[in-house]
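Here is what each chain is made of, one letter per residue.
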Amino acid sequence: MGFRVLELFSGIGGMHYAFKYAQLDGNIVAAMDVNTVANAVYNFALNCHVKTRNIQSLSEKEVSKLGATMLLMSPPCQPHTRQGLQRDTEDKRSDALTHLCTLIPQCETLQYILMENVKGFECSQARNQFVEALEKAGFYWREFILTPTQFNVPNTRYRYYCIARKTKDFAFAGGKIWEEMPESPSTEQSVSQISAILEDNVSCEYLVPDDVLTKRVLVMDIIHPTQNRSMCFTKGYTHYTEGTGSAFTPLSKEESHRIFELVKEIDNNNQDTSSSSEDVRQRRLDLLRQIKLRYFTPREVARLMSFPEEFAFPPETTNRQKYRLLGNSINVKVVGELIKLLIATKQ
Ligand SMILES: C[S@@+](CC[C@H](N)C(=O)[O-])C[C@H]1O[C@@H](n2cnc3c(N)ncnc32)[C@H](O)[C@@H]1O
């Protein structure tokens with residue numbers, strides 16, 4: 001019999017795609033999330049029905065009735081993010097995970113669990129509560145902090161993962177946080193170039209607007225086609241400039257460097273004048289426009305998060321919603337590889 005997967009905090013279905021990626025026998029028997037926009041995307045993309053449901057009301061009876069053998073989940077990360085207040089288990093958004101910690105030892109059908117969260121979760125009270133629940137339920141468990149660049153994907157996204165199973169202990173050591181895949185063959189395969197994930201004929205709506213170019217370009221992380229990296233995309237991408245994700249220029253590093261040198265020259269020559277003339281501002285902006293700086297499209301961000309090409313948003317989803325949902329989601333390849341590790345009998 002195949003795996004019967006319960007996907008909690010399902011968002012846009014990253015875990016569902018990761019399960020597909022792992023090519024295991026089985027299916028998702030239920031997916032749940034409170035976010036109706038995310039659920040509409042999940043239903044559209046995966047053609048199945050997500051329950052709009054507060055996970056705090058999930059019972060042991062329901063899990064047993066579903067016959068769920070595998071639990072895949074990425075609970076809210078806000079209680080643990082560095083930018084947040086880090087209220088941990090005191091944060092209301094931790095309540096659903098706390099509830100699951102009481103539920104897990106009662107759910108006898110569950111044999112496999114995978115959990116994803118932000119880096120920093122490993123130091124939290126919520127993590128302690130979670131591993132206590134795993135111990136109580138008789139699971140063997142291992143923890144990781146991994147990033148897609150370790151899987152040849154040109155995107156940085158350090159995340160905490162815990163895999164747990166009841167069947168058999170893992171063949172690699174516990175008692176530490178793994179910062180690479182255990183016994184991963186030392187592949188010399190290199191990380192793909194950004195050019196591999198680009199869309200053709202990207203609409204000008206993705207160009208970085210003039211006001212952002214004028215005021216914020218120097219704090220932006222700018223990626224060129226031959227580079228093999230990009231920074232983590234967060235839910236604020238395009239809305240906030242700094243630290244929310246990289247921007248793209250079709251120019252080479254040398255070409256854009258030459259333009260930035262000219263911009264710097266203008267800035268240096270006009271340092272003393274508090275309000276530089278309109279003419280100077282226009283010359284500076286004309287130069288910056290030559291960089292053709294644009295945001296990565298939602299499709300490109302989805303590719304950097306290893307979503308398959310079949311993934312699509314319903315037509316009514318706005319770009320803002322797409323970036324928010326993708327920013328909250330997971331890297332499908334990393335989780336898919338961890339699901340393989342979770343069930344591997346050799347390991
Ligand atoms: C980190 S995101 C999960 C992303 C998901 N794995 C994906 O691929 O998109 C956390 C999700 O948990 C949902 N959520 C938060 N609290 C919840 C609760 N009490 N019950 C159900 N869903 C909840 C949020 O709406 C959000 O979609």
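Here, the structure is the one placed above.
Computed from a predicted model, the values in this text were never measured in an experiment. (Residues numbered from 1 in each chain as written. Predicted model: local features only at pLDDT ≥ 70, side-chain atom pairs only at ≥ 80, totals over all residues. Heavy atoms only, no water.)

Student: Could you give me a rundown of the overall build of the protein, with the residues and numbers involved?
Tutor: Counting secondary structure elements, the protein contains 11 helices and 11 strands. Against the compact-globule benchmark of 20 Å for 347 residues, the protein has a radius of gyration of 22 Å, which places it among compact chains. Within the protein, buried positions represent 51% of all 347 residues. In the protein, 75% of the contacts between residues at least 6 apart in sequence involve partners at least 24 apart. Within the protein, the 41 negative side-chain charges are centred at a point lying 4 Å from the centre of the 41 positive side-chain charges. (Helix = DSSP H or I, 4+ residues; strand = E, 2+ residues; numbered from the N terminus. Rg over C-alpha atoms; globule rule 2.2 N^0.38 Å. Buried < 20%, exposed > 50% of the residue type's maximum accessible area, 1.4 Å probe, protein only. Contact = heavy atoms within 4.5 Å. Lys, Arg positive; Asp, Glu negative; His and termini not counted. Charge placed at Lys NZ, Arg CZ, Asp CG, Glu CD.)

Student: Lay out the packing of helix H1 (residues 14-21) against helix H2 (residues 36-46) with the relevant residues and their values.
Tutor: One way to put it is that H1 packs onto H2 with a least axis distance of 10 Å and a crossing angle of 30°. Looking at the two axes, H1 sits roughly parallel to H2. Where H1 abuts H2, its residues His16, Tyr17 and Lys20 lie against Tyr42, Ala45 and Leu46. Looking at the contact of H1 with H2, its residues break down into 4 nonpolar, 1 polar and 1 charged. (Axes fitted to C-alpha atoms, helices over the stretch in contact; angles between N-to-C directions. Parallel < 35°, antiparallel > 145°, perpendicular 65-115°, else oblique. Nonpolar A, V, L, I, M, F, W, Y, C, P; charged D, E, K, R; others polar.)

Student: Requested: an account of the environment of Ile12, with residues and values cited.
Tutor: By the element assignment, Ile12 lies in the loop between strand S1 (3-8) and H1. Relative accessible area serves as the criterion here: at 2%, Ile12 is assigned to the buried category. Between the alpha carbons of Ile12 and Val37 there is a distance of 8.9 Å; along the sequence they are 25 residues apart.

Student: Talk me through the site of the ligand; I want residue IDs and the actual numbers.
Tutor: Neighbouring residues of the ligand: 17 residues in total, closest Ile12, Asp33, Asn54, Ser74 and Ser329. At 2.9 Å from an oxygen atom of the ligand is found a main-chain nitrogen or oxygen belonging to Ile12. Here Ser329 contributes a side-chain N or O atom positioned 2.7 Å from an oxygen atom of the ligand. Protein contacts shield 89% of the accessible area of the ligand, which totals 600 Å² for the unbound molecule. Each residue belonging to the shell around the ligand can be placed in one class, and the counts come to 6 nonpolar, 9 polar and 2 charged. (Near = heavy atom within 4 Å. Polar contact = N/O pair within 3.5 Å; in protein donor to acceptor, adjacent residues only side chain to side chain. Areas by Shrake-Rupley, 256 points an atom, 1.4 Å probe, with all protein chains shown as cover.)

Student: Before we move on, can you summarise the nonpolar core with the specific residues and values?
Tutor: Core analysis: the biggest nonpolar cluster contains 75 residues, and Met70, Phe311, Leu338 and Ile339 have the highest contact counts within it. Among the elements that make up this core, the one with the highest residue count is helix H11 (residues 332-343) (7 residues). Residues Ala68, Cys101, Cys107 and Val131 belong to the second largest nonpolar core, which totals 35 residues. (Core = buried A, V, L, I, M, F, W, Y, C linked by side-chain atoms within 4.5 Å.)

Student: Explain the sheet that holds strand S10 (residues 247-248) residue by residue, including any values.
Tutor: Strand order across the open sheet formed by 3 strands is S9-S10-S11, with mixed pairing between neighbours. The open sheet terminates on both sides in strands that have one partner only, identified here as strand S9 (222-223) and strand S11 (294-295). Relative to S11, S10 is paired through 2 bridges, and the arrangement is antiparallel. Looking at S11, one finds that Ala247 is bridged to Tyr295. (Pairing = 2+ DSSP bridges.)

Student: A description of the pattern of salt bridges should follow, citing residues and the corresponding values.
Tutor: By the definition in use, this model includes 15 salt bridges. Between Lys20 and Glu310 there is a salt bridge whose closest N-O contact spans 3.3 Å. With Lys20 in helix H1 and Glu310 in the loop between helix H9 (298-304) and helix H10 (319-328), the pair connects residues that are 290 residues apart, well separated along the chain. Residue classification places Lys20 among the partly exposed residues on the basis of a relative accessible area of 43%. Between Asp169 and Arg142 there is a salt bridge, with its nearest N and O atoms 3.0 Å apart. You can see Asp169 sitting in the loop between strand S7 (159-165) and strand S8 (177-178) and its partner Arg142 sitting in strand S6 (residues 140-146), a full 27 residues away along the chain. Under the relative-accessibility criterion, Asp169 is labelled partly exposed at 33%. Shared partners join several salt bridges into a network, and the residues in it are Asp210, Asp286 and Arg289. (Salt bridge = Lys/Arg side-chain N within 4 Å of Asp/Glu carboxyl O.)

Student: Go over helix H5 (residues 125-136), please, and point to the residues and values.
Tutor: Between its first and last C-alpha atoms H5 spans 16 Å; for 12 residues at 1.5 Å apiece the expected length is 16 Å, and the two agree. Of the residues making up H5, those classed as buried are Ala126, Arg127, Phe130, Val131, Ala133 and Leu134. Projected onto a plane normal to the axis of H5, the buried residues spread over an arc of 155° and lie on a single side. For H5, exposure combined with an orientation more than 90 degrees from the buried face picks out Glu132, Glu135 and Lys136. Among the structural elements, strand S4 (70-73), helix H4 (95-103), strand S5 (112-118), S6 and S7 are those in contact with the buried residues of H5. Once H5 finishes, Gly138 follows within two positions and takes phi at roughly 85°, a positive value. (Expected span 1.5 Å × (residues − 1). Arc of directions from axis to C-beta.)

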